[in-house]
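Structural features, examined
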Amino acid sequence: MDMLLASAGSANLPVAVASGAFIALLLGLFGGGGSVLATPLLIYAVGLTDPHVAIGTGAAAVALNAAGNLAVQARAGTVKWPCALSFAAAGLVGALVGAALAQRLDGQSLLTAFAFAMFAVGAAMLRPAGAAGNADVRLDLGITLKLLPAGFVVGLLAGFFGIGGGFLIVPGLMAAAGMTMANAAASSLVSVLVFGVATASTYAAAGRIDGPVLIAMAAGGIVGVAAARWLAPRLAARAALARRLFALMVIATSLYVGWRSLG
């Protein structure tokens, strides 16, 4: 079975490197939302023509970028591992189901649905941040019973659309476990990694990942992770403004994707 597609002849690999750096930077800064730009970048900037290949390749690249950012957060001690792993375990099942369902749709229908998902991501990111939360949260039965169904639903959506799902994971962790936004953003990277691997594995089994483009994005991701580590503390004072500007960019991109998919 051909696990990786060697179809990057028409793809712009330097743009793929830049796209990987950009997505990794956003994941490092916001913990979620950045991965939703992977598919539009791969189709309209890098030059992949098959939406399924773009989604599969993007999911694999997001998983690699999330792993790099997770390593940084783990060293900083901001990841709440018991809560993060419980959420990710439930979401893994959902991600596998969602990815299998998505591959049954034709490419244009999937892009149209993706545009609506992008719009929802942007709208969700415009909402004000929740309560401060508890920095010393501990996993118990009550929290577990909230995390598991939430994780499955988010994983299902992440697998279907080939996105990390961080924009849903962060508020999901805050609502279910009562943790702080900083801990939720760091802990969400566990699920982004798990969902990305699950989704990418499903697409790889169908031969729907472009190997050269994935390698280029992974190389760019190394730069993005380093940039996020340097920029995050300098952006802390204006984090809310930066998040709103990013959300508006996601909404604008969703309108463009919707227009192109229906055109």
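Moving on, we get to the confidence of the model for the protein. Residues with a pLDDT of 70 or more make up 93% of the protein, whose mean pLDDT is 86. Averaged pLDDT values over the elements of the protein bottom out at 82 in helix H7 (residues 166-177) and peak at 94 in helix H4 (residues 81-102).

Val36 and Val213 are the most contacted members of the largest nonpolar core, which has 74 residues in total. Broken down by element, this core gets its largest block of residues, 10 residues, from helix H8 (residues 181-205). Not counting the four nearest positions on each side in its chain, valine 36 is found in contact with Phe114, Met118, Val121, Ile163 and Val250.

Time to look at the packing of aromatic side chains. The full count for this structure, using the stated rule, is 4 aromatic pairs. Residues tyrosine 44 and tyrosine 256 carry aromatic rings whose centres are separated by 5.3 Å and whose planes lie at 80° to one another, so their mutual orientation is edge-to-face. Taken as a pair, tyrosine 44 in helix H2 (residues 38-46) and tyrosine 256 in helix H10 (residues 239-262) lie far apart in primary sequence, 212 residues in all. Overall, the relative accessible area of 36% leaves tyrosine 256 in the partly exposed class. Aromatic side chains phenylalanine 160 and phenylalanine 161 sit 4.9 Å apart centroid to centroid with 85° between the ring planes, which places their arrangement in the edge-to-face category. With respect to class, phenylalanine 160 is no different from phenylalanine 161; both count as buried. Members of the aromatic cluster, connected to one another through ring pairs, are Tyr44, Tyr256 and Trp259.

The next subject is the packing of H2 against helix H3 (residues 51-76). Where H2 meets H3, the axes come as close as 8 Å, and the angle between the chain directions of the two elements is 130°. Accordingly, the angle class assigned to the pair H2 and H3 is oblique. For the pair H2 and H3, the sense of crossing is right-handed. Across from Ala38, Thr39, Leu42 and Ile43 in H2, the residues of H3 making contact are Pro51, Ala54, Ile55, Thr57, Gly58 and Val62. For the contact of H2 with H3, the class distribution of residues is 7 nonpolar, 3 polar and no charged.

The next subject is the side chain of threonine 57. Tracing the backbone shows threonine 57 in helix H3. A distance of 2.8 Å separates the side chain of threonine 57 from the backbone oxygen of valine 53, its partner in a polar contact. Not counting residues within four places of it along the chain, the set of residues in contact with threonine 57 comprises Leu42, Leu48, Arg208, Ile209, Asp210, Val213 and Leu214.

On to the environment of glycine 211. In this fold, glycine 211 is placed in helix H9 (residues 211-235). A relative accessible area of 8% places glycine 211 in the buried class.

Reading the values: rules and limits
Residues numbered from 1 in each chain as written. Predicted model: local features only at pLDDT ≥ 70, side-chain atom pairs only at ≥ 80, totals over all residues. Heavy atoms only, no water. pLDDT = per-residue confidence, 0-100. Helix = DSSP H or I, 4+ residues; strand = E, 2+ residues; numbered from the N terminus. Core = buried A, V, L, I, M, F, W, Y, C linked by side-chain atoms within 4.5 Å. Buried < 20%, exposed > 50% of the residue type's maximum accessible area, 1.4 Å probe, protein only. Contact = heavy atoms within 4.5 Å. Phe/Tyr/Trp six-rings, centres within 6.5 Å; stacked < 30°, edge-to-face > 60°. Axes fitted to C-alpha atoms, helices over the stretch in contact; angles between N-to-C directions. Parallel < 35°, antiparallel > 145°, perpendicular 65-115°, else oblique. Left-handed = near helix turned anticlockwise from the far one by under 90°. Nonpolar A, V, L, I, M, F, W, Y, C, P; charged D, E, K, R; others polar. Polar contact = N/O pair within 3.5 Å; in protein donor to acceptor, adjacent residues only side chain to side chain.

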